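Examining the three-dimensional arrangement
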Amino acid sequence: RALEEAQEGSERLLNKRSMCISKRELYMRKIQELGSLPPTSELEQYTTLSISALMRQLDQINKKLKKYSHVNKKAYDQYVNFSEQRESLLKRKEELDRGAEKVRELIESLDRKKDEAINRTFRGVSAHFKDVFKELCPNGAGELIMRTAFDEGRTTSDDEMDESDETDKGEEEKSKKKKKKKGGKKGKADLDPNNPSVNLYRGIGVKVRFTQEEQNYLMSQLSGGQKALVAMALIFAIQRCDPAPFYLFDELDQALDSSHRAAVAALIQRQASSDENPTQFVCSTFRPELVAVSNRCYGISHQNKVSNLHHLSKKDALHFIANLMNEEEAVGEATSLATSRGSGAAGRKKRRLSRSGVDDES
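Our subject in this report is the structure included herewith. Just so it is clear, the model here is predicted, and its values are computed rather than measured.

Take the overall build of the protein chain next. Secondary structure assignment for the protein chain yields ten helices and six strands. In the protein chain, which comprises 362 residues, the share counted as buried stands at 18%. In the protein chain, 63% of the contacts between residues at least 6 apart in sequence involve partners at least 24 apart. When the accessible surface of the protein chain is split by element, carbon and sulfur atoms take 54% of a total near 28,600 Å².

Turning our attention to a nonpolar patch on the surface. Taken together, Ile-61, Leu-65, Tyr-68 and Val-71 make up a surface patch of nonpolar side chains, about 400 Å² in accessible area. With respect to the secondary-structure elements, Tyr-68 resides in the loop between α3 (51-66) and α4 (75-136).

Another aspect to go through is the pattern of salt bridges. Considering all chains together, one arrives at eight salt bridges under this definition. A salt bridge links Arg-86 to Glu-87; its shortest N-O distance comes to 3.9 Å. The class for Glu-87 is partly exposed, based on a relative accessible area of 42%. With a closest N to O distance of 2.8 Å, Arg-104 and Glu-101 form a salt bridge. With Arg-104 and Glu-101 both in helix α4, this residue pair falls three residues apart, about one helical turn. In this structure Arg-104 comes out as partly exposed when scored by relative accessible area, which is 43%. Using a relative accessible area of 35% as the deciding quantity, one classes Glu-101 as partly exposed.

With that settled, the discussion passes to the packing of aromatic side chains. A complete count under the given rule lists seven aromatic pairs for this structure. Each ring, one from Phe-129 and one from Phe-133, has its centre 6.0 Å from the other, and the planes form 25°; the classification is stacked. One end of the pair is Phe-129 and the other is Phe-133, both in helix α4 and four residues apart, which spans about a single turn. Phe-129 sits in the buried class, given a relative accessible area of 0%. Accessibility expressed as a relative area gives 0% for Phe-133, which makes it buried.

Calculation notes
Residues numbered from 1 in each chain as written. Predicted model: local features only at pLDDT ≥ 70, side-chain atom pairs only at ≥ 80, totals over all residues. Heavy atoms only, no water. Helix = DSSP H or I, 4+ residues; strand = E, 2+ residues; numbered from the N terminus. Buried < 20%, exposed > 50% of the residue type's maximum accessible area, 1.4 Å probe, protein only. Contact = heavy atoms within 4.5 Å. Areas by Shrake-Rupley, 256 points an atom, 1.4 Å probe, with all protein chains shown as cover. Patch = residues over 30% accessible without salt bridge, like charges linked within 9 Å, V, L, I, M, F, W, Y side chains within 5 Å. Salt bridge = Lys/Arg side-chain N within 4 Å of Asp/Glu carboxyl O. Phe/Tyr/Trp six-rings, centres within 6.5 Å; stacked < 30°, edge-to-face > 60°.

What follows is the structure, encoded as structure tokens:
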């Protein structure tokens with residue numbers, strides 16, 4: 001019997017223990033739902049209160065908490081998540097900013113190299129153009145000019161001045177105001193005429209003179225032969241600046257006189273036999289100057305709709321060109337003679353008509 005009583009007592013204790021454990025877990029969950037525990041300094045003020053007083057305060061606090069039932073309970077978690085995303089985005093932004101800065105530095109470096117290359121090439125071609133033109137025209141001179149936005153501004157201002165001279169005073173005042181506005185815009189752009197940017201370049205101009213006494217001429221003021229000579233000077237200047245392995249010219253001396261043809265032939269001979277940059281020239285011509293300095297001569301015949309290439313000696317080539325020039329001179333003389341005879345016959349016919357008119361009146 002004593003053993004049974006002891007067993008029953010132990011069972012009661014075990015049941016009581018399990019109930020206490022379940023209550024403890026329940027209270028722990030409730031504490032977790034309430035949130036983190038306050039610090040011990042705040043808990044000390046409630047140690048002297050009774051359980052009933054604590055329950056009353058708990059009820060009051062629960063009633064106050066019901067007012068905030070609509071508040072998002074996941075706000076803190078969302079805040080933490082969004083804060084982490086914000087930090088990652090800020091890091092990514094810093095990386096992109098550093099990459100963009102490197103790209104800008106690369107673009108600036110390439111722009112500087114491009115500007116340097118353009119200016120260096122222009123200076124080189126301009127210097128060679130002066131030398132080549134001096135070789136082609138010993139008594140003349142030529143230069144290349146880089147046209148910029150400043151030149152356009154000067155020309156437009158000159159045109160506006162000419163137009164304003166033809167209008168009345170009221171229109172002159174309006175044009176002056178417009179010019180002041182344009183001048184202000186240019187000042188804001190902060191342009192330096194002594195060292196313009198490549199972005200201000202508008203093209204290349206040419207100024208040449210063929211004798212020492214002449215004034216400088218632009219390309220639009222030159223004749224066809226002079227334009228051809230200037231074009232060849234520019235080609236040879238580019239060739240000296242950036243040599244090519246060979247050049248092909250088709251009757252480049254057609255529009256030149258004999259002195260300039262001889263100068264071009266001598267220049268081509270010097271370029272072809274240069275020690276620094278020897279270049280091969282393939283030229284078609286009907287004039288003796290280029291044939292006289294050539295290394296090889298070829299003639300082309302056309303028969304039965306077929307072209308044939310024949311190797312010629314320099315003597316035969318010069319003889320062929322001399323005969324061709326004699327034929328051209330003969331044709332020219334015959335044409336001029338026929339023209340003069342036609343004009344003479346027309347004059348005699350007019351005189352006859354005038355005499356007959358006088359006889360009729362008499």
